[in-house]
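Results of the structural survey
Spelled out, the chains give:
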Amino acid sequence: MKFFIDTANLAQIKEANELGILDGVTTNPSLMAKEGIKGEEAIAKHYKTICEIVDGDISAEVLSTDFNTIVEEGKKLAAIHPNIIVKVPMIKDGVKAIKWFTDNGIKTNCTLVFSAGQAILAAKAGATYVSPFIGRIDDSSWDGVELIAQIAHIYALQEFDTQILAASIRNALHIVKCAEAGADVCTCPLESILGLLKHPLTDIGLAKFLEDAKKM
Ligand code: E4P
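My aim in this report is to walk through the structure given alongside it, one point at a time. Keep in mind it's a predicted model, so treat the numbers as computed, not measured. (Residues numbered from 1 in each chain as written. Predicted model: local features only at pLDDT ≥ 70, side-chain atom pairs only at ≥ 80, totals over all residues. Heavy atoms only, no water.)

What about the packing of helix α1 (residues 10-18) against helix α3 (residues 40-53)?
So the rule is basically this: Axis geometry follows a simple rule: fit a line to the C-alpha atoms, using only the stretch in contact for helices, then measure angles between N-to-C directions, giving values from 0 to 180 degrees. The helix and strand labels rest on DSSP assignments: H or I over at least four residues marks a helix, E over at least two residues marks a strand, and numbering proceeds from the N terminus. An angle below 35 degrees is read as roughly parallel, one above 145 as roughly antiparallel, one from 65 to 115 as roughly perpendicular, and any other as oblique. Crossings are assigned a handedness: left-handed for a near helix turned anticlockwise from the far helix by less than a right angle, right-handed for a clockwise turn. Contacts are residue-level and defined by heavy atoms, with any inter-residue pair within 4.5 Å sufficient. All amino acids are sorted into three groups, where Ala, Val, Leu, Ile, Met, Phe, Trp, Tyr, Cys and Pro are nonpolar, Asp, Glu, Lys and Arg are charged, and the leftover types, Gly among them, are polar.
Viewed as axis vectors pointing N to C, α1 and α3 meet at an angle of 15°, and their least axial separation amounts to 10 Å. The angle between the axes of α1 and α3 places the two elements in the roughly parallel class. Every pair of crossing elements has a handedness; the one defined by α1 and α3 is right-handed. Contacts between α1 and α3 involve L10, I13, K14 and N17 on the former and, on the latter, H46, T49, I50 and I53. Looking at side-chain class alone, the contact of α1 with α3 contains 4 nonpolar, 3 polar and 1 charged residues.

Considering helix α6 (residues 116-124)
What counts, and what does not: Partly exposed describes any residue whose relative accessible area lies between the buried limit of under 20% and the exposed limit of over 50%, with all areas from a 1.4 Å probe on protein chains only and scaled to the type maximum. The arc under discussion is defined with respect to the helix axis, by the directions toward the C-beta atoms.
Turning to α6, its buried residues number three or more, namely A116, A119, A122 and A123. One side of α6 carries all its buried residues, which in axial view fall inside an arc of 115°.

A closer look at the pattern of salt bridges
As a reminder, the rule being used: Put simply, a salt bridge is a Lys or Arg side-chain nitrogen that is within 4 Å of an Asp or Glu carboxyl oxygen.
Applying the stated criterion across every chain, the model contains 9 salt bridges. Between K75 and E72 there is a salt bridge whose closest N-O contact spans 3.2 Å. One end of the pair is K75 and the other is E72, both in helix α4 (residues 67-80) and 3 residues apart, which spans about a single turn. The residue D139 makes a salt bridge to R170 at a minimum N-O spacing of 2.7 Å. Placement of the pair is D139 in helix α7 (residues 134-139) and R170 in the loop between β7 (163-166) and α9 (172-181), with a sequence separation of 31 residues.

Thoughts on the sheet that holds β7
For clarity, the cut-off: At least two bridges found by DSSP between two strands is the condition for calling them paired.
What the 8 strands build is a closed barrel, ordered β1-β2-β3-β4-β5-β6-β7-β8; its pairing is parallel. For this sheet, the mean angle separating the axes of adjacent strands, direction not counted, is 30°. Where strand β5 (residues 108-113) lies against strand β6 (residues 129-132), 3 bridges are found, and the strand directions are parallel. In the strand pairing of β6, C110 is matched with V130. In the packing of helix α5 (residues 92-103) onto the sheet, contacts are made with β4 (84-89) and β5, and the angle to β4 comes to roughly 155°. Seen against the sheet, α6 touches β5 and β6 and runs at an angle of roughly 165° to β5.

Right, dumping it as C-alpha cells:
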C-alpha cells in the first residue's frame, strides 16, 4: 500500500518525506486555503514546490464544476509538473472530464466518493485513483472501511485498473484497517502516519534497554 500525506503544509510534507516512506501528496481547496495560498499563480507555485519536495503523485484539485472549465483547468494543472494528478469531483461533468483526461493521457483522482456506485463510474471513466472519504462516512454513522472493502472486491472482480485511495483518514487504526480492506493507497494527515509508530510497550522496552545499556 502506498502512503500519501493529505496536506498542503510544506513543513509537514517535508517531515513525512524525510521518514522515507512517502509516495505522494493529496491536497484539496480547504487544505490550500488553510495554508493561505490564494490566486492562480500562487496555487501553481505551491504545487510546483510540493512536486520538488516529493517524488511521487501529487493531487491538485480543480475548482470548477462544468466540463469545459474542468478540462481547461486540469490541462493547466497537469502542465505544472509531470507528477501532477488532476483531482476531479464525483459529479456528472467531473466523470465526463475524467474520461476526457484519460483519453488524453492525463492522470486523475476522482474525489468526494461515498458509494460503490460512484467508484464504479470513476473506474469506467478511467480514473487513475478513486478517493472514498472514509472518515466522513464514519462521521455520518456508516462504515467507511467497509466501503473500501466493497470497492476492492468489485474492482478485483471486474478487473478495473483504478487504484483505491482511502481518504479522510482520522487515525492510525484507519490506516491499518484500510490496508486490510485492500486499499492501494492511504492518504493521511501527518499525525495519523506518526500514530503508527506508537506503542507503549515499545517505549517501556526501549527505556529498559537504554537503562541496561549503561551497565554494559
Ligand atoms: C482527500 O484527498 C481529501 O483531501 C481528504 O482526505 C479529506 O479529508 P477530511 O474529511 O479530513 O477533510
